[in-house]
Amino acid sequence: MPAPAPRRAGRAGRLAAQAGGLVAPLPISPDPMPGSILPVPWGLGVAARVMALWLLAFWSLGYIVVPGALEAFGITRDALSARGAAALHAALDAGELAATAAVLWRCLRSYRPRALGWFVARWSPVSAWAGPLAAAVACFPLVDAVAAAAHAALPADGGPWGANLLEAAIAAGDPVTCGLYFAVVALCAPAWEEAIFRGFLLPSLARNLPAPAAVAASSLAFALAHFSPARFAPLLLLGVVFGSLYARTKSLGAAIAAHSLWNVYIFAQLVLGRGVMG
C-alpha cells in the first residue's frame, strides 16, 4: 500500500521542476554579516546605491521639483508670505520623508531588515536609552557654541530652504507660521534624517568599520549633505552626538528624539531672538 507514495513524490518533483522554468524564485537574502552595531545582510555596494538614490531624491525635490512647480505656477519664493513659505517648507519636508521611506523600502525590502533589528524605535526598557539620551542633550550647549563661532566666522549660506528662510519666517511672529515650522523641525525632519543617516548608513558602514569610525564617517556624510560650509562644523559634531547615541542604544527612536530636542532647542532660541541656526 505505501508503494504509490514515491510515485506521487516523483510526480510532484517533476511538476515543480517544470514550474521552476516558468516562475522566478523569490529573492533569498544572504546570511547577515556581523557588524559592530547590527547584523548587516547587504554589502557596501547596496549601501552606496541607497545613498546615491536618496541623495538624488533629496536634491531633486529641493532644487528641481519644488522650484520648478513654483515657476510653473508663476510664483517666486520672494513673493510668498511667511505662512506660504512655511507651508511650502512643510510640504517639502513631507516629500523628503516620503522619498526616504520609498528609497529604503525599495532597496532593502528583500532583506527584511526589521527582523534583524533595523529601523526599530526600542523604547523598552527605558533605562537602556534614557541615560544616553540625557548625555546627548547635555552636549547641546557645546554644539551651540560651535555653531555660534562658525556663524561669526563664515558668511550665512542658508540656501533656498535653509536657516535664513526659517529665521526670516519666525521673525514675522505669526503663530501659524511658527506652528508649521515647529512641525517641520520637531517631527518631520528628525524622522527622515535619522532614518537615513543613523538608521541606515551608520550600521551599514559598521559592517566593515569599527563603530567609532562608522560614527565619524556617517557624521561627515550628514554634515556634507546639508551643503552649508557655515553649518558644517556644528552639524559634524551633532552627527557624532546622534551617532554615538544610536551606536550605544541601537534605538532609532532615541536618535530621533535627540535630533528633535536639538531642533526644538534652537527653534526656541530663534523664536526668542537669541539663537543661531546650527
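Residues numbered from 1 in each chain as written. Predicted model: local features only at pLDDT ≥ 70, side-chain atom pairs only at ≥ 80, totals over all residues. Heavy atoms only, no water.

Some remarks on the overall build of the protein
- Across its full length, the protein holds 10 helices and 0 strands.
- The secondary structure elements of the protein, listed N-terminal to C-terminal, are α-α-α-α-α-α-α-α-α-α.
- Counting all 278 residues of the protein, 42% fall into the buried class.
- Here the analysis covers contacts within the protein between residues at least 6 apart in sequence; of these, 79% occur between residues at least 24 apart.
- Taken as a whole, the protein presents about 14000 Å² of accessible surface, with 70% of it coming from carbon and sulfur. (Helix = DSSP H or I, 4+ residues; strand = E, 2+ residues; numbered from the N terminus. Buried < 20%, exposed > 50% of the residue type's maximum accessible area, 1.4 Å probe, protein only. Contact = heavy atoms within 4.5 Å. Areas by Shrake-Rupley, 256 points an atom, 1.4 Å probe, with all protein chains shown as cover.)

So, the packing of aromatic side chains
- The tally for this structure, following the rule as stated, stands at 17 aromatic pairs.
- Geometrically, the ring pair formed by Trp-54 and Phe-58 is stacked, given 5.1 Å between the ring centres and 15° between the ring planes. Of this pair, Trp-54 and Phe-58 both sit in helix 2 (residues 44-72), 4 residues apart, which is roughly one turn of that helix. A single burial state applies to Trp-54 and to Phe-58, both of which are buried.
- The rings of Trp-54, Phe-58, Trp-59, Tyr-63, Trp-192, Phe-197, Phe-222 and Phe-227 are connected pair by pair, giving a single aromatic cluster.
- Directly above the ring of Trp-105 sits Arg-109, whose terminal nitrogen or CZ lies 4.4 Å from the centroid.
- Of note, Arg-198 hangs over the ring of Phe-222, and the distance from its end group to the ring centre comes to 4.4 Å. (Phe/Tyr/Trp six-rings, centres within 6.5 Å; stacked < 30°, edge-to-face > 60°. Lys NZ or Arg CZ within 6 Å of the ring centre and 35° of its normal.)

Here's the deal with the nonpolar core
- Ranked by internal contacts, the top residues of the largest apolar core, which has 52 residues, are Val-50, Trp-54, Leu-108 and Phe-200.
- Counting only elements with at least two residues in this core, the list comes to helix 2, helix 3 (82-108), helix 4 (130-138), helix 5 (140-153), helix 7 (175-205), helix 8 (211-224), helix 9 (232-249) and helix 10 (252-271).
- Counting residues per element, this core draws most heavily on helix 7, at 10 residues. (Core = buried A, V, L, I, M, F, W, Y, C linked by side-chain atoms within 4.5 Å.)

A word on the confidence of the model for the protein
- Counting all residues, the mean pLDDT for the protein is 84, and 80% of those residues have values of 70 or more.
- Segment residues 1-29 is flagged for pLDDT under 50; beyond a separation of four residues in sequence, or across chains, it makes 3 contacts in the model.
- Across residues 158-162, where pLDDT falls below 50, the model places 13 contacts with residues more than four positions away in sequence or in other chains. (pLDDT = per-residue confidence, 0-100.)

Side note on the packing of helix 2 against helix 7
- At a minimum axis separation of 10 Å, helix 2 and helix 7 run at an interaxial angle of 160°. As judged from the angle between their axes, helix 2 and helix 7 are roughly antiparallel. Seen from above, helix 2 lies across helix 7 with left-handed handedness. Two secondary-structure elements touch here, helix 2 through Leu-44, Ala-47, Val-50, Met-51, Trp-54 and Phe-58 and helix 7 through Trp-192, Ile-196, Phe-197, Phe-200, Leu-201 and Ser-204.
- Across the contact of helix 2 with helix 7, the residue classes tally to 11 nonpolar, 1 polar and no charged. (Axes fitted to C-alpha atoms, helices over the stretch in contact; angles between N-to-C directions. Parallel < 35°, antiparallel > 145°, perpendicular 65-115°, else oblique. Left-handed = near helix turned anticlockwise from the far one by under 90°. Nonpolar A, V, L, I, M, F, W, Y, C, P; charged D, E, K, R; others polar.)

Focus on the packing of helix 7 against helix 8
- Orientation of helix 7 relative to helix 8, taken along the N-to-C sense of each, is 145°, at an axis distance of 9 Å. For the pair helix 7 and helix 8, the sense of crossing is right-handed. Contact with helix 7, carried on its side by Glu-193, Phe-197, Arg-198, Leu-201, Leu-202 and Leu-205, involves Ala-214, Val-215, Ala-217, Ser-218, Ala-221 and Phe-222 of helix 8 and no other residues of that element.

Digging into a nonpolar patch on the surface
- Judged by side-chain polarity, Leu-55, Trp-59, Tyr-63, Ile-64, Val-65 and Phe-227 come together as a nonpolar surface patch covering roughly 550 Å² of accessible area.
- With respect to the helices, strands and loops of the structure, Tyr-63 is situated in helix 2. (Patch = residues over 30% accessible without salt bridge, like charges linked within 9 Å, V, L, I, M, F, W, Y side chains within 5 Å. Salt bridge = Lys/Arg side-chain N within 4 Å of Asp/Glu carboxyl O.)

Focus on the pattern of salt bridges
- Scanning the model with the defined rule gives 1 salt bridge in all.
- The partner of Glu-194 in a salt bridge is Arg-198, with the nearest N and O atoms 2.6 Å apart. Note that Glu-194 and Arg-198 are positioned in helix 7 at a spacing of 4 residues, about one turn of the helix. Comparing Glu-194 with Arg-198, the two get one shared label, buried.

Things to note about the side chain of Asp-93
- In this fold, Asp-93 is placed in helix 3.
- Despite its burial, Asp-93 pairs with no opposite charge, the nearest such side chain being Arg-231 at 10 Å.
- Other than its neighbours up to four places away in sequence, Asp-93 contacts Val-184, Cys-188, Ala-189 and Trp-192. (Lys, Arg positive; Asp, Glu negative; His and termini not counted.)

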